Amino acid sequence: MSFTRISEIGEFGLIDRIATLVQPTESCLSRLKKGIGDDSAVIELSNGKLQVVSTDLLIEQIHFDLLTTPLEHLGAKAVSVNVSDICAMNAKPLYATISIGLANNISVEMVEQLYKGAANVAKQYGIAIVGGDTSASVTGLVISVTIVGEVDADKITYRSGAKPGDLICITGDLGRSFAGLKVLMRERQTMLETFAENPDMDKSTYKADLSDYQKVIEKHLLPKARVDAVKFFHEVGLVPTSMIDVSDGVGSELKHLCRSSQTGALIEETKLPILAETREVSDEFEDDATTYALFGGEDYELLFTISPTDLDKLSSFPDVHIIGKMLPQSAGIKLRDLFGTDIDLTKTSGFEHFTASAESTFSTEDNSYLHNHDGHNGHQADDENDLCGGRQN
Ligand code: ADP
Ligand code: MG
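Residues numbered from 1 in each chain as written. Chains lettered and ligands numbered in written order. Predicted model: local features only at pLDDT ≥ 70, side-chain atom pairs only at ≥ 80, totals over all residues. Heavy atoms only, no water.

## Remarks on the overall build of the protein chain
So, point 1. From N to C terminus, the protein chain includes 12 helices and 13 strands.
So, point 2. Within the protein chain, buried positions represent 51% of all 393 residues.
So, point 3. Put simply, 81% of the contacts in the protein chain that link residues at least 6 apart link residues at least 24 apart.
So, point 4. Per element, the accessible surface of the protein chain, about 18,000 Å² overall, is 52% carbon and sulfur. (Helix = DSSP H or I, 4+ residues; strand = E, 2+ residues; numbered from the N terminus. Buried < 20%, exposed > 50% of the residue type's maximum accessible area, 1.4 Å probe, protein only. Contact = heavy atoms within 4.5 Å. Areas by Shrake-Rupley, 256 points an atom, 1.4 Å probe, with all protein chains shown as cover.)

Next comes the structure, spelled out in structure tokens:
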């Protein structure tokens, strides 16, 4: 058997190969509306409604670092990021299962903290946690969440329905989660240095003052799925023509929408919603806030398109921005920058697992996390320059 490194074909190349191996049989096909390739799988129920199913995996040192992530927050985030994939289908989340792999440094109390966070946020979303699985792990803490939701057949929204001329919209603001991660990783470094200099120190007494960074840190540790936007769409009878949630960065997600919908797109830098707090952090790190917004990822906002004739319906939703327009495929996928220059976004990327340098996010030897940063669904930039748009998918 030959040995092809996964980095040679990348995360999405690997998923394509898996997809060819697990092609559904004829008997399943009639009810399977969407398999691999969207935010959730979509299955037709016997009552005509559609069931949506999504699963995500969080692995210690790849997706999170326990030094900077309270377990209660982690439990909540694990649920929220899955709910976000259900929202991306314009569906309502209903039930979740949570599976955990536990290394021997995890106590009963720590597991309880994790589940307190998960249960609390599940209650907010109105979903029930109905099962899971528990195993020992030799590689740290592993959490896998699966969520099932439901939507009327006429409301389902795929990545593939956008048409040239549709308006590109985004809920909330962009880049804030990445700003929070930058601050947390800097703090982690300081913490590790303090512990190294004071080996006898009681680690539980270490206190960090991050009060100036609350907004960005909270967004990173406790992102909320935009169930409010989906509820609004249903209330006003708006069905987006396409939708995806922002796990890997809006630049990358836009490419997914365009690829699935066979369109091009133009978004405008001046229209990207970026909070002052995010800009302050990017200035502090001498980075570009637009880069955080496009490639930072883990914002878990909804990127969607609407027909221009539906614009009125959207007007009473307060937390949405129109950032551009879908174009014919031949126009490519472009960002119009502050100076009016169109930049080709197909040459840039959000996170993809298994690229040569995406292997260890929180390595203690090399704490320049930008080499390996990975969000929940895996967003990452190879290095600071690549974060500025150099890496190819
Ligand atoms: P998201 O970022 O929305 O969670 P992903 O990029 O993780 O989506 O996945 C893209 C698509 O590939 C989804 O339809 C997902 O179900 C599918 N997928 C990912 N990994 C696997 C796998 N190991 N086996 C089968 N399908 C997979
Ligand atoms: Mg998604």
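## Concerning the nonpolar core
Generally speaking, nonpolar side chains in soluble globular proteins are found buried as a group.
So, point 1. Counting 49 residues, the largest nonpolar core has Val79, Ile143, Phe304 and Leu314 as its most contacted members.
So, point 2. Breaking this core down by element, the ones donating at least two residues are β3 (50-59), α3 (71-87), β4 (92-102), α4 (108-125), β6 (142-151), β7 (167-171), α7 (227-236) and β10 (302-306).
So, point 3. By residue number, the principal contributor to this core is α3, which donates 8 residues.
So, point 4. The residues touching Phe304, leaving out its near neighbours within four places in the chain, are Leu167, Ile168, Cys169, Thr171, Phe233, Pro240, Ser242, Met243, Leu314 and Val320.
So, point 5. Counting 24 residues, the second-largest nonpolar core is a separate cluster that includes Ile244, Leu254, Ile267 and Leu335. (Core = buried A, V, L, I, M, F, W, Y, C linked by side-chain atoms within 4.5 Å.)

## A few points about the sheet that holds β10
So, point 1. One open sheet accounts for 7 strands, arranged β8-β10-β7-β11-β9-β12-β13; its pairing is mixed. Each edge of the sheet is formed by a strand with only one pairing partner; in this case those strands are β8 (242-245) and β13 (342-344). Taking each pair of neighbouring strands and ignoring which way they run, the sheet shows an average axis angle of 25°.
So, point 2. Of the strand pairs in this sheet, strand β9 (residues 263-268) and strand β12 (residues 333-336) are connected by 4 bridges, and their pairing is parallel. When the sheet's bridge partners are listed, Glu268 is paired in β12 with Arg336.
So, point 3. Here α3 sits on the sheet and contacts β8 and β10; the angle it forms with β8, its principal contact strand, is near 175°. (Pairing = 2+ DSSP bridges. Axes fitted to C-alpha atoms, helices over the stretch in contact; angles between N-to-C directions.)

## Here's the deal with the pattern of salt bridges
So, point 1. A complete count under the given rule lists 20 salt bridges for this structure.
So, point 2. Asp173 is the salt-bridge partner of Arg176, the closest N and O atoms lying 2.9 Å from each other.
So, point 3. On the accessibility criterion, Arg176 (15% relative accessible area) is buried.
So, point 4. Where Arg186 meets Glu284, a salt bridge forms, and the shortest distance between an N and an O atom there is 2.8 Å. Remark: Glu284 occurs in helix α9 (residues 276-284) and Arg186 occurs in helix α5 (residues 176-197); sequence separation between them is 98 residues.
So, point 5. Its relative accessible area of 32% is what places Arg186 among the partly exposed residues.
So, point 6. Three or more residues are tied together by salt bridges with common partners; here these are Lys219, Arg226, Asp228, Glu301 and Asp319. (Salt bridge = Lys/Arg side-chain N within 4 Å of Asp/Glu carboxyl O.)

## A short note on the coordination of the magnesium ion (ligand 2)
So, point 1. All of the protein donors around the magnesium ion (ligand 2) are Asp39 (OD), Asp85 (OD) and Asp245 (OD); their distances to the metal are 2.0 to 2.1 Å.
So, point 2. Sequence positions of the residues that donate to the magnesium ion (ligand 2) give the spacing D-x45-D-x159-D. One end of the pair, Asp85, is in helix α3; the other, Asp245, is in strand β8, with 160 residues separating them in the sequence.
So, point 3. Asp245 gets classed as buried once you look at its relative accessible area, which sits at 1%. (Donors = N, O, S within 2.8 Å, 3.2 Å for Na, K, Ca; no water.)

Limitation: the analysis is restricted to geometry and does not speak to function.
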